[in-house]
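Fold and geometry: a report
Residue strings, one per chain:
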Amino acid sequence: MHASGFPEEDVYLEINHIYGICHPGLLDSPYLIKEWDLLQNILVFNGEGNAWFVLDYSSEPPHVIYIEADSKEVIKVAASFEEFLKKLTYKELSQEYEKDSWSKEEAETIFLGQEEFLIEEVLLSYQDTEDIEWYLAKLLQLTEHSSLLVREAVASVIGVKTEYFLYESPEPSLKILNGIINNLSRDKSKDIRREMKEVKEQYDL
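Fair warning: this is a prediction, and the values are worked out from it, not measured in the lab. Each chain carries its own residue numbering, running from 1 in the written order of its sequence. Local features in this predicted model are restricted to residues whose pLDDT is 70 or higher, and side-chain atom pairs enter the listing and the counts only when it is 80 or higher, whereas totals over whole chains, interfaces and linings include all residues. The side-chain quantities take in all heavy atoms of the structure and omit both hydrogens and water.

The next thing to look at is the sheet that holds strand E3 (residues 42-47). The pairing criterion is simple: DSSP has to find at least two bridges between the two strands. Each helix is a run of H or I in the DSSP string that is no shorter than four residues. Each strand is a run of E no shorter than two, and both are numbered from the N terminus. As summarised here, the arrangement of the four strands in space is E3-E4-E5-E6, forming an open sheet in which the pairing is antiparallel. Only two strands of the sheet have a single neighbouring strand rather than two, namely E3 and strand E6 (74-78). Taken over all neighbouring pairs, the strand axes of this sheet differ in orientation by 30° on average, direction set aside. Pairing geometry for strand E5 (residues 63-68) and E6, over four bridges, is antiparallel. Across the sheet, residue Ile65 finds its bridge partner in E6, namely Lys76. An axis is simply a line fitted to the C-alpha atoms; with a helix, the fit covers only the stretch in contact. Between two such axes, the angle follows the N-to-C directions and lies from 0 to 180 degrees.

This next bit is on the environment of Thr162. Mapped onto the fold, Thr162 is located in helix H6 (residues 148-168). Buried means the residue's accessible area, taken with a 1.4 Å probe over protein chains only, is under 20% of the maximum for its type, while exposed means over 50%, and partly exposed covers the values in between. Thr162 gets classed as buried once you look at its relative accessible area, which sits at 0%. C-alpha separation for the pair Thr162 and Leu177, spaced 15 residues apart in sequence, amounts to 8.3 Å. Only heavy atoms matter for contacts: two residues are in contact if any of them lie within 4.5 Å across the pair. Ignoring sequence-local partners within four residues, the contact set of Thr162 consists of Val157, Val199, Tyr203 and Leu205.

The subject of this paragraph is the pattern of salt bridges. Any Lys or Arg side-chain nitrogen found within 4 Å of a carboxyl oxygen on Asp or Glu counts as a salt bridge. Applying the stated criterion to the full structure yields four salt bridges. Arg151 is the salt-bridge partner of Asp187, the closest N and O atoms lying 2.5 Å from each other. With Asp187 in the loop between helix H7 (171-185) and helix H8 (190-203) and Arg151 in helix H6, the pair connects residues that are 36 residues apart, well separated along the chain. As far as burial versus exposure is concerned, Asp187 and Arg151 are alike and both buried. A salt bridge links Asp191 to Arg194, with the nearest nitrogen and oxygen atoms 2.4 Å apart. Separated by three residues within a single helix, Asp191 and Arg194 lie in helix H8, roughly one turn from each other. For Asp191, a relative accessible area of 15% gives the class buried.

So, on to unusual backbone geometry. Residue Pro61 is bonded to the preceding Glu60 through a cis peptide linkage, with omega at 0°. Following the sequence through the fold, Pro61 ends up in the loop between strand E4 (51-56) and E5. Positioned with a positive phi, Asp37 is a non-glycine residue whose angle comes to about 55°. Position of Asp37 among the secondary structure elements: in the loop between helix H1 (29-36) and E3. Despite not being glycine, Asn41 shows a phi value in the positive range, around 60°. Assignment of secondary structure puts Asn41 in the loop between H1 and E3.

This is the structure we're talking about:
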């Protein structure tokens, strides 16, 4: 496994994917600009709330800039998207992550971290676990994660597995399930909120 990125002012800015023309994706830029109070005249092509890579159309050709949402810091990354692609390098991820299964102790440590793609991978690997109460507790925890990708992964699991959870979970787990759905129903992402509305309507929750 590897992540793409580039060194900028002695800092390695990591980028794992570039949005496509879909929802969620490039078409969400107007919503993201409004939701996160980002700069105008930009096209967001990567990010999840704490930091964003965008094309800044206030210049010609549009520059690639990196925005820290909390500090509002703006870093000019490249004078064009073509230059941005040329500056990309590859960083190999630790071999400890290159495996097909993780113990619960390993999973819990990963869930507390910020490796969003690793969290998603581990989360999906456990979706058929027999320890439903433990798994739902982890899902509930991850509904508060700063990464949109992680919260989307939680919403995806709920969308696919709700029927299984409803019929196979012990009573205490159903309260956790309701907590997950309620948290996601208040998420900043309109797509996640819409998905949870559909789950509620489908299962009369």
